[in-house]
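# Overview (structure and organization)
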Amino acid sequence: MFALSAALLLAGFGGSTYWLLQREIHRNENRILDDIVSLLQTIFATHRPFADTLSRQIPADLEAFRFNRYQIRIARVDGQSIYQTEFFPELSKSQVDEVPSYQNRPGDGKEFRCGNQTYLVLHAWAQLERGSPTKIQLWVALETTSYTSLLETYRRFVLAIVALGVLLAALSAHFLAHQGLRPLRRMTSIIEGLRAEQLGRRFGSENWPRELVPLAAQFDRLLNEVEVSLTRLSQFSANLAHELRTPLTSMLLQTEVAMTQMRAAEEYRQVDRKSVV
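Residues numbered from 1 in each chain as written. Predicted model: local features only at pLDDT ≥ 70, side-chain atom pairs only at ≥ 80, totals over all residues. Heavy atoms only, no water.

### Description of the overall build of the protein
Scanning the protein from terminus to terminus reveals seven helices and six strands. What you see in the protein, going N to C, is helices and strands ordered as α-α-β-β-α-β-β-β-β-α-α-α-α. Out of the 277 residues belonging to the protein, those deemed buried represent 29%. Long-range pairs, those at least 24 residues apart, make up 56% of the contacts in the protein with a sequence separation of at least 6. In the structure as shown, the protein presents an accessible area of about 18,600 Å², 59% of it carried by carbon and sulfur atoms. (Helix = DSSP H or I, 4+ residues; strand = E, 2+ residues; numbered from the N terminus. Buried < 20%, exposed > 50% of the residue type's maximum accessible area, 1.4 Å probe, protein only. Contact = heavy atoms within 4.5 Å. Areas by Shrake-Rupley, 256 points an atom, 1.4 Å probe, with all protein chains shown as cover.)

Here you go:
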């Protein structure tokens, strides 16, 4: 029970910290992704021509965000691709349809795993260029592999800590139980060694834990009663033997006297009647 309680406590603590870390990382990832989308929308809305934006502004922006690497895909309103960075993840049409759209407010991206890489992808609309009414579609993919690896490492660490904690709790429980039962084993050994001639032994002479003091006192009381009962029985036996010794001696003497010489049958009967009386 102690080991189970420790396991539940460690699992609860580890799981809660993992959940908090995961939530905070996910929130931070989405905040970065939202900032990137907002920045791209501003770039397209304030620069022209569109080709110059793709050739100069987007590469500069990618370099500025080199610590938060992201990939971008640009498409027309009908979905025809216009531009895509080299490492934009390969997404199927169904996966593309699952990507949530950014609506000028913080949103949650959709996480996808492509090979050994993980990406958080968000869709948004943007103005083609400054002064143009034409809209374009943006898909921004933020690489989150390092964050995912961190969470996986932390999850393995939590599992290892829980397993180690359960093992230590089990060993501690076994040790504490063994130590805690030592007084009971000592008491059992004393009881097993008691004999009729050793009833003077008392449990109160031992240094027992506080919890076993009442039990030791009850054993001492029981031994006192048994000793008193045996003493009374011994005295009764001695008195009984003394009471029986005198008439038996008299009968034996009368019988020996009667057998010293030949007598008539009536005399023997009289001797028998005297012995009975």
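### Comments concerning the environment of S229
Of note, S229 is situated in helix α6 (residues 213-258). For S229, the side chain forms a polar contact with the main-chain oxygen of E225, separated by 2.8 Å. (Polar contact = N/O pair within 3.5 Å; in protein donor to acceptor, adjacent residues only side chain to side chain.)

### Focus on helix α5 (residues 182-192)
Note on helix geometry: an α-helix contains 3.6 residues per turn, so any two residues three or four positions apart are oriented the same way. Here α5 has its buried residues at P183, M187 and I190. Take α5 and look down its axis: the buried residues cluster within an arc of 60 degrees, on one side only. (Arc of directions from axis to C-beta.)

### Describing the environment of T46
Mapped onto the elements, T46 comes out in helix α1 (residues 2-46). Among the residues examined, T46 registers a relative accessible area of 42% and is labelled partly exposed. Between the alpha carbons of T46 and E129 there is a distance of 6.8 Å; along the sequence they are 83 residues apart. Within the local environment of T46, its side chain forms a polar contact with the backbone oxygen of T42, the two atoms lying 2.6 Å apart. For T46, the side chain forms a polar contact with the side chain of H47, separated by 3.1 Å.

### With respect to the pattern of salt bridges
Inspection of every chain in the model, using the stated rule, returns five salt bridges. With a closest N to O distance of 3.4 Å, K93 and D97 form a salt bridge. One end of the pair is K93 and the other is D97, both in helix α3 (residues 93-98) and four residues apart, which spans about a single turn. Close ionic contact of E152 with R113 constitutes a salt bridge, the shortest N to O distance being 3.4 Å. Placement of the pair is E152 in helix α4 (residues 145-180) and R113 in strand β4 (residues 110-114), with a sequence separation of 39 residues. Given a relative accessible area of 28%, E152 falls into the partly exposed group. (Salt bridge = Lys/Arg side-chain N within 4 Å of Asp/Glu carboxyl O.)

### Section: the pairing of strand β6 (residues 135-143)
Counting buried residues along β6, eight of its nine residues qualify, which places the element largely inside the surrounding structure. One ladder, built from six bridges, connects strand β1 (residues 70-75) with β6; its direction is antiparallel. By the bridge assignment, R73 is partnered in β6 with W139. Note that strand β5 (residues 117-127) and β6 share nine bridges and pair antiparallel. Its bridge partner lying in β6, Y119 is registered against E143. (Pairing = 2+ DSSP bridges.)

### With respect to the layout of surface pockets
Here the largest pocket defines a volume of roughly 210 Å³. If you go around the largest pocket, the residues you meet are W19, Q22, R23, I25, H26, E29, G109, E111, L120, Y147, T148 and L151. Put simply, the parts of the chain that give the lining of the largest pocket at least two residues each are α1 and α4. No other element matches the six residues that α1 contributes to the lining of the largest pocket. (1 Å grid on protein atoms, 1.4 Å probe; cavity = no way out; pocket = protein on both sides within 12 Å on 5 of 7 lines; lining within 4 Å. Points joined across faces, edges and corners; volume = space filled by probe spheres on them.)

### A word on the packing of aromatic side chains
For the structure on display, the rule yields three aromatic pairs. A centroid spacing of 6.3 Å and a plane angle of 5 degrees characterise the contact between Y18 and Y154, whose relative ring orientation is stacked. You can see Y18 sitting in helix α1 and its partner Y154 sitting in helix α4, a full 136 residues away along the chain. Since its relative accessible area comes to 24%, Y154 is described here as partly exposed. Taking the centre distance of 6.4 Å and the plane angle of 35 degrees together, the rings of Y154 and F157 count as tilted. One end of the pair, Y154, and the other, F157, are both in helix α4, three residues apart, so they sit about a helical turn from each other. Overall, F157 belongs to the partly exposed group, its relative accessible area being 48%. (Phe/Tyr/Trp six-rings, centres within 6.5 Å; stacked < 30°, edge-to-face > 60°.)

### Things to note about unusual backbone geometry
Of note, the bond from R48 into P49 is cis; its omega dihedral lies within 30 degrees of zero at 0 degrees. Its location among the elements puts P49 in the loop between α1 and α2 (50-64).

### Notes on the nonpolar core
By size, the foremost hydrophobic cluster in this structure holds 22 residues, and its most contacted members are L40, F44, I74, I136 and L138. Secondary structure elements with two or more residues in this core: α1, α2, β1, β5 and β6. At six residues, α1 tops the list of elements feeding residues into this core. What I136 contacts, discounting residues up to four positions off in sequence, is F44, F50, I74, A75, I82, A124, W125, A126, Q127 and L128. Grouped together as the second largest cluster of nonpolar side chains are ten residues, L91, V96, Y119 and W139 included. (Core = buried A, V, L, I, M, F, W, Y, C linked by side-chain atoms within 4.5 Å.)

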